[in-house]
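Given next are the chains, with one letter for each unit.
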Amino acid sequence: MSVHSFCGTSRQPSAPWHILGAGSMGSLWATRLARAGYDVRLILRDQARLQAYHAAQGLTLVEGSNAILLPIAAQTPDAADPITRVLVACKAYDAEYAVAQIAHRLSPEAHLILLQNGLGSQQAVAAQVPHARCVFASSTEGAFRDGDWRVVFAGQGHNWLGDPEQGAAPTRLDDLQHSGIRHEWSPTIMSRLWRKLALNCAINPLTVLHQCTNGGLKAHTQTVDALCIELSALLVGCAQPEAAVNLSAEVHRVIDATAQNYSSMYQDVAQRRRTEISYLSGYACQAAQRIGLDTPHLHAIHQQLIAHLTHLGLPSH
Ligand code: NAD
Ligand code: KPL
């Protein structure tokens, strides 16, 4: 593998991109923006993480057989510079607290891009910073860390960004284009997020409970179909009828197309990481309860998942 370091051509002046959460996705965005010459500033949890980062001298982006080291600036949440644009790339369960730590630094025209899977955390963050503009994102890109401060770009994909209040696209999204971050503005971002949530609810918990790849669910089509019927009714009941169209067909298509893969929830459990269950099947069950919809299969699978995680000694929320 060739490794080289890169200082980038500065594209000053332009408001900096703050990246809150320098994990897989945060690093994937940060390194591409920095490589394109933008002013990027990582917000790390605390001084200990900051020191460790400085020791590594930057973030490394691995793409195929190439690795590039980018000496991106970093800081802790209590730094003083104002924040105009921030990508929030924490896990769903960390997003609210992480944003609370930087809320006092948000400038009046601040934009937050919320890159969390599932639903619930985005709304909680938006309620917390009512004067800032929150853009919700849904991503099919894939990344993982193969070491501290190293990110592997594992799956080409696309990012959809949108405003749940249906406002127009922010002007500074050109930076993403110039950085090779494939994206488009979606006027129906809530529908996209609901659709993704439904796909994840139909597939991910079952792969954990049956300890199988996505393709292994071909042995459980009755349960998958029962879940799809309930999830479709839920989407319609939550005023997202477009997200329900041909849900079952798409779930089976995804199972076929990703038959050899393990779902993200399976991988979280296998690596003993906390899952985002509360923002996936947990959110779906609560939404069903809120609208008075009976979803016995969804409820049973969610309860089995909680029991399974508890049995493994993992957090079940
Ligand atoms: P990750 O665990 O790799 O990264 C999250 C980072 O946030 C960690 O480095 C963590 O230390 C940091 N963090 C948490 N609290 C913080 C705080 N208070 N201050 C500063 N940093 C804080 O997670 P990820 O895989 O990058 O996923 C982020 C989100 O993107 C998740 O909701 C995930 O479901 C979604 N997503 C991930 C992928 C992927 O391929 N990794 C793909 C699509 C969507
Ligand atoms: O997004 C996914 C995941 O694993 O989280 C798919 C591949 C769609 C399975 O639900």
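Cut-off values and rules
- Residues numbered from 1 in each chain as written.
- Chains lettered and ligands numbered in written order.
- Predicted model: local features only at pLDDT ≥ 70, side-chain atom pairs only at ≥ 80, totals over all residues.
- Heavy atoms only, no water.
- Pairing = 2+ DSSP bridges.
- Helix = DSSP H or I, 4+ residues; strand = E, 2+ residues; numbered from the N terminus.
- Axes fitted to C-alpha atoms, helices over the stretch in contact; angles between N-to-C directions.
- Contact = heavy atoms within 4.5 Å.
- Phe/Tyr/Trp six-rings, centres within 6.5 Å; stacked < 30°, edge-to-face > 60°.
- UniProt positions renumbered as here; feature names shortened; annotations may be inferred.
- Buried < 20%, exposed > 50% of the residue type's maximum accessible area, 1.4 Å probe, protein only.
- Right-handed = clockwise from strand over helix to strand, strands pointing away.
- Near = heavy atom within 4 Å.
- Polar contact = N/O pair within 3.5 Å; in protein donor to acceptor, adjacent residues only side chain to side chain.
- Areas by Shrake-Rupley, 256 points an atom, 1.4 Å probe, with all protein chains shown as cover.
- Nonpolar A, V, L, I, M, F, W, Y, C, P; charged D, E, K, R; others polar.
- Domains from an automatic or database assignment.
- Buried area = accessible area lost by both parts, 1.4 Å probe.
- Salt bridge = Lys/Arg side-chain N within 4 Å of Asp/Glu carboxyl O.

Quick look at the pairing of strand E10 (residues 142–147) now. Within a regular beta strand, the side chains point alternately toward one face of the sheet and then the other, so they alternate between its two faces. Here four bridges tie E10 to strand E11 (residues 150–155), and the two strands are oriented antiparallel to one another. The residue of E11 that forms the bridge with Gly142 is Gly155.

Spatial strand order, E6-E3-E2-E7-E8-E9-E12-E13: eight strands in an open sheet with mixed pairing. Of all the strands in the sheet, the pair left with one neighbour each is strand E6 (73–75) and strand E13 (183–185). Taken pair by pair, the neighbouring strands of this sheet meet at an average axis angle of 25°, ignoring direction. Where strand E2 (residues 17–20) meets strand E7 (residues 83–88), four bridges bridge the pair, whose relative direction is parallel. Pairing of His18 across the sheet is with Val86, part of E7. Lying on the sheet, helix H6 (residues 189–209) is in contact with strand E9 (133–139) and strand E12 (159–162); it crosses E9 at an angle near 40°.

With that settled, the discussion passes to the packing of aromatic side chains. If you walk through the whole model with that rule in mind, you get three aromatic pairs. Here Trp194 and Tyr283 contribute two aromatic rings whose centre-to-centre distance is 5.6 Å and whose plane-to-plane angle is 55°, an arrangement assigned as tilted. With Trp194 in helix H6 and Tyr283 in helix H11 (residues 281–290), this pair connects stretches of sequence that are 89 residues apart. Here the aromatic rings of Tyr262 and Tyr266 are separated by 4.3 Å at their centres, their planes lie at 25°, and the arrangement is stacked.

All right, on to the UniProt feature "domain: Ketopantoate reductase N-terminal" (unreviewed entry) in the chain then. As annotated in UniProt, the feature "domain: Ketopantoate reductase N-terminal" (unreviewed entry) corresponds to residues 17–164 in the numbering used here. Structurally, residues 17–164 is divided into 28% helix and 40% strand, and its ends, taken at the C-alpha atoms, are 22 Å apart.

Take the pairing of E7 next. Most of E7 is tucked away, with six of its six residues classed as buried. Relative to strand E8 (residues 106–114), E7 is paired through five bridges, and the arrangement is parallel. Considered in E8, the bridge of Val88 is made with Leu114. Remark: the E7/helix H3 (residues 92–102)/E8 crossover connection has right-handed handedness.

Residues in contact with ligand 1 amount to 25 residues; listed here are only the nearest, Ser24, Met25, Asn117, Ala143 and Glu276. Ser24 places a polar main-chain atom, nitrogen or oxygen, 2.9 Å from an oxygen atom of ligand 1. Between ligand 1 and Ala143, the relevant distance is 2.9 Å, taken from an oxygen atom to a main-chain nitrogen or oxygen of the residue. Bound to the protein, ligand 1 loses 84% of the 830 Å² it would expose on its own. Breaking the shell around ligand 1 down by element, the ones donating at least two residues are helix H1 (24–35), H3 and E10. For the shell around ligand 1, the element with the highest residue contribution is H3, accounting for four residues. Residue composition of the shell around ligand 1, by class: eleven nonpolar, eight polar and six charged.

Lining the immediate environment of ligand 2, one finds Lys196, Asn200, Ile203, Asn204, Asn214, Val254, Ser263 and Ser264. Measuring from an oxygen atom of ligand 2, one finds a side-chain N or O atom of Asn200 at 3.0 Å. Ser264 places a polar side-chain atom, nitrogen or oxygen, 2.5 Å from an oxygen atom of ligand 2. For ligand 2, whose free accessible area comes to 280 Å², the fraction covered by protein is 80%. Looking at the shell around ligand 2, the element that brings in the most residues is H6, giving four residues. Class assignment of the residues belonging to the shell around ligand 2 gives a composition of two nonpolar, five polar and one charged.

Size of an interface, as often reported, equals the accessible area lost when the parts are brought together. We note that the domain assignment places domain 1 (2–186) and domain 2 (191–312) within the chain. A straight line from the C-alpha centre of domain 1 to that of domain 2 covers 27 Å. The interface is formed by 16 residues belonging to domain 1 together with 14 residues belonging to domain 2. A combined buried area of about 1,400 Å² lies between domain 1 and domain 2, and 58% of that area is made up of carbon and sulfur atoms. Linking domain 1 with domain 2 are zero salt bridges. Inspection of the domain 1/domain 2 interface yields five residue pairs in polar contact (both at pLDDT 80 or more). At the level of secondary structure, the elements contributing two or more residues to the side of domain 1 that touches domain 2 comprise H3, helix H4 (121–128) and E9. Sort the elements by how many residues they give to the side of domain 1 that touches domain 2 and E9 lands first, with four residues. Considering only residue class, the side of domain 1 that touches domain 2 consists of six nonpolar, nine polar and one charged.

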